[in-house]
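Observations on the model geometry
Next come the chains, spelled out residue by residue.
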Amino acid sequence: MRHIRALFTALYRPDSLSIHHQFNFSTIQSQLNQSSEHKIYSHLLKICLRQCQRIKIRHPFDETPQRLAQASRTSKTIHAQTLIFGFGSKGQLGNAIVDLYSKCGNAEFSLKAFNQLEKQDILAWNSVLSMYSRQGAVKQIFRCLGSLQNCGVPPNQFTYAIVLSSCARLVDIDLGKQVHCGVIKMGFEFYSFCEGSLIDMYSKCGSLVDSRKIFDAVEYPDTVSWTAMIAGYVQVGLPEEALKVFEDMQKLDLVPDQVAFVTVITACVGLGRLDDACDLFAQMPNPNVVAWNVMISGHAKRGCNIEAINFFQNMWRTGVKSTRSTLGSLLSAIASLAALNYGLLVHAQAIKQGLNSNVYVGSSLISMYAKCEKMEAAKKVFDALDERNLVLWNALLGGYAQNGYGSQVMKLFSEMRSCGFQPDEFSYTSILSACACLECLQMGLQLHSFIIKHNFECNLFVENALVDMYAKCGALEEARQQFESIRNKDNVSWNAIIVGYVQEENEDAAFIMFQRMSLDGITPDEVSLASILSACSNLQALEQGEQVHSFLVKSGLQKSLYAGSSLIDMYVKCGSIEAARNVFSCMPNRSVVSMNALIAGYAQHDFDEAIDLFHEMQNGGLNPSEITFASLLDACNGPVKLNLGRQIHCLILKRGLLSGDDLLGVSLLVMYINSQRKTDADILFSEFQYPKSTILWTAIISAHTQNGCSEEALQFYREMRRNDAIPDQAAFASVLKACSTLASLADGRVIHTLIFHIGFDSDELTCSALVDMYAKCGEIKSSVQVFEEMGSKTDVISWNSMIVGFAKNGYAENALKIFNKMIQTQIRPDDVTFLGVLTACSHSGRVSEGHEIFDIMVNTYKIVPRVDHYACMIDLLGRWGFLIEAEEFIDKLKFEPDAMIWATLLGACRIHGDDIRARRVAEKLIELEPENSSSYVLLSNIYAASGNWDEVNSVRRTMREKGLRKFPGCSWIEVGQKTNLFVAGDKFHPSSGEIHAVLKDLISLMKKNGFVAETDSLLLDED
């Protein structure tokens, strides 16, 4: 007996989860006698019932695979021991074993134990029915009910309650009525469980009249019936009636219990009537934790996050202990606010209460840290949890995806699958988001196949994620195909395809999809409207942007932060800064995003106002972001604003924003180089951490190229390669432009080789830069070869490079052929295209064709000509002798001609020796640019060509009086990796002696061969 007592003591230990670890039944079996069997039976029954209570079947977040598997093993151990003692299928113990298996969700063993029962009474049947109900196996419930009746076992009120619940789940009122007949036949219609279940069933089936009939037929409805009726009205969307029933309940002096209060409060919260919910909550004498949780979660779900936190603080003051649901809802509110400090306090509270190991609280903590961009902390929470379910894995996957850690998502997804967890729709959404972030189309295609194999291809969440993935990977055809296959498109579906088109700069398709969205009856939300506004910004389509603004006003969204910020950005980029300011002034709340949009606009037009907005931003308690400082730095683009740029640089360093931020690094580099402070830019660049990112290398190369420092740009490119940094398309485009400027064909060929080896030869932007480089280096054959081998020519830049290349190299006919082919391919030409075509016409004497193309540009494509377009037309007319028409063309201009216009006409006068017109034009030119020597030189050359030496001397005398000198011509040649520059009359080159000796020999040789230099258009410098 001592051994048996020890056994019972072990079984009663609260922490006894797995009894086969605590004792060995076989060691005491021989010591048992007949008198102890009854005690053994009783204690095993108590153990079994206790295990049933331990399983919290109403909380799905506790049902982790590990917990349920452990409970199932415990069930098997208890069952095995009862079989050893010979009473495993007898009486209450047999029923308890069936119930335990059912609560574990182990249908196989539950049914086996059930079938072995000596007597299958209604309690056992109800256990099996409850198991099927929890699993949602409605068909099995009705099969089981039929078997129960065939076996002659009479159902009780609990049986009918389970079956009626299934009818409600199926929304099958006919079946429900049949069960109702059975309830009446058995005399259970006035039992509270059946009354409540009948009211619930009819309500969920949409037959509120029947629900009310049953309710009214109850002579003395209990709280369950009242609560069921209230819930019924809420379910069919009649909250006012639900509140009336609640009030009637109170008028009868029936005191609503906590469940009734919570039911009606939940109804108000679900309908967004938070004020009513607060009033009802205030009526509760002592709200329990469930009521507090409803208020906290309701406010959090409705975006009233601060109120949710306040409710939690009040709950804590009243001494009500928080539960995992409390902390989960609270953490959701904190995550929405990204209020990390509050999150840390709640995390500490969870540890204090021992809830930090709960998977529900754990998943909420992970989501909170992810929203606060603290993924290391989120991973620590995940790693500390012993039990993990799919919700936890999805929370961490989603966190990494939201923060742009695509590689970690991929790694975690593989780890999750290796741990035996099968992905659901939320898992696939995260992994597809990672593919989109990494632009990993191949992985996305593999996942799509995997999704189809596992029958998730019709899940709307997954379908939308697939559209988004394809769009962000640039595969718009696949994105569109996936979009069209979605049967029940929602706002997210439309937003994904519209955003995709806008990001790929296919604005026309985005507008078409937006119109289709409205025609399909889907009301555009802030995301779709913001995307369309972005498309308007890209096209500078102010009129369409104003139409979207009108729609926002009608929708009441114009004052929201997201839509308002997009409107400001659109107006700024369309040049309507006052309209942007008006939108900003009407916004009740300002954000960093809206302030940044306005600051960026004013920075380019009214820098003082931009600075004032910056101060207003700080005074309003908003912290300037990297974008704020970048916008201000972009406006400090000259020596005049250098000091202000330096002050901003100091402020950036003080705030610690420069460390690891490429955006500000790029802005600072460009600011210093544009301010002619190359030394400062070089020092700043050298201070960036090693290894420097490709973005920084590209910035320093591009900035030098754009500021005419092509040799330095090439040097930085070579240093970049020595540091094993791989250039991207922007870096290649910049360095190839430097090669074009220097006409450095050798460097260009070397860069072309690298482009081919690392796979950028299929990139359209890079190939366009190659076409331009070869053309400007005079290697037109290689330029054509690159153009013809391009797999994709959808960007106008590709065609422009080839057209301009032909035009500049004198292949006018080829340029026009490419232009015609471009039109046939339906690529819309831009202003650069027409400039190239007009140049080709000018060089080849196609005057009438040039006129026609100019008219097409203005009238067909609605392109407003720039000054260089007009200059090109004047060159076309003047070069081929139509000087009168050229001058008339200038007279018809709607603006005052600038120096470029007059210089072009002056050049034409020189070609045709028109001294009179040349003098008139030169006077205009000198009036505009009195300090520019080129006008004087050109006029002097015209006089020299006609033999008018008196006028030549007069021009030279004027230049001397004004202290003007002709800029000497220069040329250069690359030897090795060094560019040697030669200026006319220069004697400072290190090899000057050798060079002049060679030149002397060459001149002598030329004279022997009869060469005579032309001197009629020379203006010599005088010391």
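Residues numbered from 1 in each chain as written. Predicted model: local features only at pLDDT ≥ 70, side-chain atom pairs only at ≥ 80, totals over all residues. Heavy atoms only, no water.

Looking only at helices and strands, the protein features 56 helices and 2 strands. Taken over C-alpha atoms, the radius of gyration comes to 41 Å for the protein, far larger than the 31 Å a tight globule of 1023 residues would show. Seen through its principal axes, the protein has C-alpha atoms that stretch 140 × 65 × 55 Å. Of the contacts made within the protein by residues no fewer than 6 positions apart, 60% connect residues no fewer than 24 positions apart. For the protein, the accessible surface area stands at approximately 51700 Å², while carbon and sulfur atoms represent 53% of it. (Helix = DSSP H or I, 4+ residues; strand = E, 2+ residues; numbered from the N terminus. Rg over C-alpha atoms; globule rule 2.2 N^0.38 Å. Contact = heavy atoms within 4.5 Å. Areas by Shrake-Rupley, 256 points an atom, 1.4 Å probe, with all protein chains shown as cover.)

Let us now look at the side chain of Ser364. Among the structural elements, Ser364 can be located in helix 20 (residues 359–371). Of the residues examined, Ser364 reaches a relative accessible area of 12% and is grouped as buried. Sequence-distant contacts of Ser364, defined by excluding residues within four places in its chain, comprise Gly328 and Leu331. (Buried < 20%, exposed > 50% of the residue type's maximum accessible area, 1.4 Å probe, protein only.)

Once that is clear, we can look at the layout of surface pockets. Approximately 1900 Å³ is the volume found for the largest pocket. Forming the walls of the largest pocket are 38 residues, and the residues nearest its centre are Glu504, Glu505, Asn506, Thr794 and Asp795. For the lining of the largest pocket, the elements supplying multiple residues, two or more each, are helix 27 (476–485), helix 29 (507–519), helix 30 (526–539), helix 44 (764–776), helix 46 (796–808) and helix 48 (831–844). Its residues assigned to classes, the lining of the largest pocket shows 11 nonpolar, 13 polar and 14 charged. (1 Å grid on protein atoms, 1.4 Å probe; cavity = no way out; pocket = protein on both sides within 12 Å on 5 of 7 lines; lining within 4 Å. Points joined across faces, edges and corners; volume = space filled by probe spheres on them. Nonpolar A, V, L, I, M, F, W, Y, C, P; charged D, E, K, R; others polar.)

Moving on, we get to a negative patch on the surface. There is a patch of like negative charges on the surface, built from Glu439, Glu504, Glu505 and Asp795. Note that Glu439 resides in the loop between helix 24 (425–438) and helix 25 (441–453). (Patch = residues over 30% accessible without salt bridge, like charges linked within 9 Å, V, L, I, M, F, W, Y side chains within 5 Å. Salt bridge = Lys/Arg side-chain N within 4 Å of Asp/Glu carboxyl O. Lys, Arg positive; Asp, Glu negative; His and termini not counted. Charge placed at Lys NZ, Arg CZ, Asp CG, Glu CD.)

Okay, the state of the cysteines next. With the rule as written, the count across this model stands at 0 disulfides. Here Cys372 stays unpaired: no disulfide links it, and the sulfur of Cys304, its closest cysteine neighbor, is 19 Å away. (Disulfide = S-S within 2.5 Å.)

Another aspect to go through is helix 50 (residues 867–879). Between its first and last C-alpha, helix 50 extends 18 Å over 13 residues, near the 18 Å set by a 1.5 Å rise per residue. Of all the 13 residues making up helix 50, 10 are buried; the element is thus mostly covered by neighbouring parts of the structure. The set of residues buried in helix 50 consists of His869, Tyr870, Ala871, Cys872, Met873, Ile874, Asp875, Leu876, Leu877 and Gly878. Residues of helix 50 that are buried sit in contact with helix 48, helix 49 (847–860), helix 51 (883–891) and helix 52 (899–912). Backbone geometry just downstream of helix 50 places Gly881 in the positive-phi region, at approximately 90°. (Expected span 1.5 Å × (residues − 1).)

Quick look at the pattern of salt bridges now. Tallied over the entire structure, the rule returns 24 salt bridges. As a salt-bridge pair, Asp200 and Lys204 come within 3.5 Å of each other at their nearest N and O atoms. Linking Asp200 with Lys204, this pair stays in helix 10 (residues 192–204), spanning 4 residues, or about one helical turn. When the shortest N-O distance is used, the salt bridge between Glu484 and Arg480 registers 2.8 Å. Of this pair, Glu484 and Arg480 both sit in helix 27, 4 residues apart, roughly one helical turn. Residue classification places Glu484 among the partly exposed residues on the basis of a relative accessible area of 36%. A cluster of three or more residues bridged by salt bridges with shared partners is formed by Arg480, Glu484 and Arg516.

With that out of the way, let us pick up the packing of aromatic side chains. The description of an aromatic ring pair uses the distance of the two centres, along with the angle that the planes make with each other. Counted under the stated rule, the structure contains 29 aromatic pairs. Pairing Tyr400 with Tyr405 gives two aromatic rings, centres 6.0 Å apart and planes at 90°, and the pair type is edge-to-face. Measuring from centroid to centroid gives 5.3 Å for Tyr870 and Phe895, while their planes differ by 55°, and the two rings are tilted. With a gap of 25 residues between them, Tyr870 in helix 50 and Phe895 in the loop between helix 51 and helix 52 connect regions that are remote in the sequence. Assessed through its relative accessible area of 33%, Phe895 is described here as partly exposed. (Phe/Tyr/Trp six-rings, centres within 6.5 Å; stacked < 30°, edge-to-face > 60°.)

Looking now at the packing of helix 6 (residues 122–135) against helix 8 (residues 157–170). Their axes nearest at 9 Å, the elements helix 6 and helix 8 cross at an angle of 20°. Considered as vectors, helix 6 and helix 8 are oriented roughly parallel to each other. The handedness of the crossing between helix 6 and helix 8 is left-handed. Counting all contacts with helix 6, which are made through Ile122, Asn126, Leu129, Ser130 and Ser133, the residues of helix 8 involved are Phe158, Thr159, Ile162 and Arg169. (Axes fitted to C-alpha atoms, helices over the stretch in contact; angles between N-to-C directions. Parallel < 35°, antiparallel > 145°, perpendicular 65-115°, else oblique. Left-handed = near helix turned anticlockwise from the far one by under 90°.)

Ranked by internal contacts, the top residues of the largest apolar core, which has 306 residues, are Ile265, Ile568, Leu669 and Leu905. Tallying contributions element by element places helix 22 (residues 390–402) first for this core, with 8 residues. Apart from residues lying up to four places away in sequence, Ile568 is in contact with Ala580, Val583, Phe584, Met587, Ser594, Ala597 and Leu598. (Core = buried A, V, L, I, M, F, W, Y, C linked by side-chain atoms within 4.5 Å.)

Another point: the packing of helix 36 (residues 626–635) against helix 38 (residues 662–674). Running from amino to carboxyl end, helix 36 crosses helix 38 at an angle of 10°, the nearest separation of the two axes being 9 Å. Our classification of the angle between helix 36 and helix 38 gives roughly parallel. Every residue of helix 38 that contacts helix 36 at Glu626, Ile627, Phe629, Ala630, Leu633 and Asp634 is listed here: Leu663, Leu664, Ser667, Leu668 and Met671. For the contact of helix 36 with helix 38, the per-class residue count stands at 8 nonpolar, 1 polar and 2 charged.

This next bit is on a nonpolar patch on the surface. Taken together, the side chains of Val998, Leu999, Leu1002, Ile1003 and Met1006 present a nonpolar region at the surface, about 420 Å² in accessible area. Position of Met1006 among the secondary structure elements: in helix 56 (residues 992–1008).

For the rest of this paragraph, the subject is unusual backbone geometry. Of note, Gln676 is a non-glycine position whose phi angle comes to about 60°, a positive value. The residue Gln676 is located in the loop between helix 38 and helix 39 (678–687) in this model. For Gln676, a relative accessible area of 57% translates into the label exposed. A positive phi angle, near 65°, is found at Gln826, a position not held by glycine. Topologically, Gln826 is positioned in the loop between helix 47 (812–824) and helix 48. Under the relative-accessibility criterion, Gln826 is labelled exposed at 72%.

This brings us to helix 13 (residues 239–251). Over its 13 residues, helix 13 extends 18 Å from the first C-alpha to the last, a length consistent with the 18 Å expected when each residue adds 1.5 Å. If you check which residues of helix 13 are buried, you get Pro239, Ala242, Leu243, Val245, Phe246 and Met249. Buried residues of helix 13, viewed axially, fall in a sector of 155°; they line one side. Looking at the packing, one finds that the buried side of helix 13 touches helix 11 (208–217), helix 12 (223–235), helix 14 (258–270) and helix 15 (274–283). (Arc of directions from axis to C-beta.)

This part is about the side chain of Ser783. Looking at where Ser783 falls in the secondary structure, it is placed in helix 45 (residues 780–789). The class of Ser783 is buried, set by a relative accessible area of 0%. What Ser783 contacts, discounting residues up to four positions off in sequence, is Val771, Tyr774, Ala775 and Met802.

For the protein, the average pLDDT comes to 82, and 91% of its residues sit at 70 or higher. In the model of the protein, helix 1 (residues 2–11) stands out as the element of lowest mean pLDDT, 37, in contrast to helix 45, which has the highest, 93. Predicted confidence is poor over residues 57–64, with pLDDT under 50, and the contacts of this stretch with residues over four places away or in other chains come to 20 contacts. Below a pLDDT of 50 lies the segment residues 1017–1023, which in the model reaches 14 contacts outside its immediate sequence neighbourhood of four places, other chains included. (pLDDT = per-residue confidence, 0-100.)

Relative to the elements of secondary structure, Leu83 occurs in helix 3 (residues 65–84). Taking the C-alpha atoms as reference points, Leu83 and Asp914, separated by 831 residues in sequence, lie 121 Å from one another.

Right, let's talk about the environment of Thr266 for a bit. Of note, Thr266 is situated in helix 14. Measuring from C-alpha to C-alpha, the distance between Thr266 and Val294 comes to 6.4 Å, with 28 residues separating the pair along the chain.

As for its position among the elements, Ser127 is in helix 6. Reaching out from Ser127, the side chain makes a polar contact with the side chain of Asp99 at a distance of 3.1 Å. (Polar contact = N/O pair within 3.5 Å; in protein donor to acceptor, adjacent residues only side chain to side chain.)

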